[in-house]
Amino acid sequence: MTGVPASAAGGTGRRPAPGAKLGAAAVDQASLWNIANILTMIRLVLVPGFVLLLLADGGYDPVWRAWAWAAFAVAMITDIFDGHLARTYNLVTDFGKIADPIADKAIMGSALICLSWLGDLPWWVTGLILGRELGITLMRFWVIRYGVIPASRGGKLKTLAQGTAVGMYVLALTGALASMRFWVMAVAVVLTLVTGLDYIRQAVVLRRKGLAAEQAAR
């Protein structure tokens, strides 16, 4: 005899103590609040703040646009670090998988739409970039049963070029820098098209292989 009551010892044949289930739930809930997810949440919160700053005072005040650029820069920096932290320290969660791409597209989409609304960026550029992002997202879901299309180096360069170009357009630049941002955006548009076509190629190949494997297994 150990002197410990069976209920305290957690003997067999008894229902688990309510605290055990609550403890597990608490651990699962706590895993949501990791640094990677917090950075993603910060990026989501920054979106409306960024829009208000960019459109403040008619959208053409250099000071407000400088603050808008600062908010956009913070969002881009968190985008770099949250995914890296999640993969490096095994902090990947279902919330992060859903919220991270939403946050990415929300900050970039709001910036492009606002810039076109203000007349700083042609609408066709905004439509092309947003159309590509939406199309690639839908395509990933189309082939997800056969596998996941990983982010390519070209895709990462595309994101960097887009972020740099949009950031330059957010700032009230003049002179040579104002001319330079046109060419940076041109590079971003080219990379957007090229990487989009490459993702389509990968999706078609992945789907063909998946269909072939299914037929072979029958």
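Residues numbered from 1 in each chain as written. Predicted model: local features only at pLDDT ≥ 70, side-chain atom pairs only at ≥ 80, totals over all residues. Heavy atoms only, no water.

### A few points about the packing of aromatic side chains
On inspection of all chains with the given rule, the structure shows two aromatic pairs. Measuring from ring centre to ring centre gives 5.0 Å for Phe182 and Trp183, while their planes differ by 85°; the resulting arrangement is edge-to-face. Given the relative accessible area of 48%, Phe182 is considered partly exposed. Sitting over the face of the ring of Tyr199, Arg140 holds its NZ or CZ atom 5.1 Å from the ring centroid. Of note, Arg181 hangs over the ring of Tyr169, and the distance from its end group to the ring centre comes to 4.7 Å. (Phe/Tyr/Trp six-rings, centres within 6.5 Å; stacked < 30°, edge-to-face > 60°. Buried < 20%, exposed > 50% of the residue type's maximum accessible area, 1.4 Å probe, protein only. Lys NZ or Arg CZ within 6 Å of the ring centre and 35° of its normal.)

### As for the nonpolar core
Counting 27 residues, the largest nonpolar core has Phe50, Phe72, Val166 and Met185 as the members making the most contacts within it. At the level of elements, helix H3 (35–55), helix H4 (62–88), helix H5 (94–117), helix H6 (123–143), helix H7 (153–170) and helix H8 (176–217) are the ones that each hand at least two residues to this core. Among the elements that line this core, the one with the most residues is H5, at six residues. Ignoring sequence-local partners within four residues, the contact set of Phe72 consists of Phe50, Ile107, Met108, Ala111, Gly163, Val166 and Gly167. Of all hydrophobic cores here, the second largest spans seven residues; its members include Met139, Val143, Tyr146 and Ala203. (Core = buried A, V, L, I, M, F, W, Y, C linked by side-chain atoms within 4.5 Å. Helix = DSSP H or I, 4+ residues; strand = E, 2+ residues; numbered from the N terminus. Contact = heavy atoms within 4.5 Å.)

### A short note on the packing of H5 against H7
Put simply, H5 and H7 touch, their axes get as near as 11 Å, and they point 40° apart. Taken together, the axis directions place H5 and H7 in an arrangement best described as oblique. As H5 runs across H7, the sense of the crossing is left-handed. For the pair formed by H5 and H7, the contact residues are Met108, Ala111, Leu112 and Leu115 on the first element and Gln162, Gly163, Val166, Tyr169 and Val170 on the second. A class-by-class count of the residues in the contact of H5 with H7 yields seven nonpolar, two polar and no charged. (Axes fitted to C-alpha atoms, helices over the stretch in contact; angles between N-to-C directions. Parallel < 35°, antiparallel > 145°, perpendicular 65-115°, else oblique. Left-handed = near helix turned anticlockwise from the far one by under 90°. Nonpolar A, V, L, I, M, F, W, Y, C, P; charged D, E, K, R; others polar.)

### Topic: the pattern of salt bridges
Note on pairing: side chains with opposite charge can pair once their charged atoms come close. In the structure shown here, the tally under the stated rule is eight salt bridges. Note that Arg65 is salt-bridged to Asp120, the shortest N-O span being 2.9 Å. With a gap of 55 residues between them, Arg65 in helix H4 and Asp120 in the loop between H5 and H6 connect regions that are remote in the sequence. According to the relative accessible area criterion, Arg65 is buried, its value standing at 4%. A relative accessible area of 24% places Asp120 in the partly exposed class. Note that Glu214 and Arg145 form a salt bridge whose closest N and O atoms lie 2.6 Å from each other. One end of the pair, Glu214, is in helix H8; the other, Arg145, is in the loop between H6 and H7, and 69 residues separate them in sequence. Accessibility expressed as a relative area gives 26% for Glu214, which makes it partly exposed. Arg145 sits in the exposed class, given a relative accessible area of 60%. Overlapping salt bridges, with partners in common, bring together Arg43, Asp79, Asp100 and Asp104 in one network. (Salt bridge = Lys/Arg side-chain N within 4 Å of Asp/Glu carboxyl O.)

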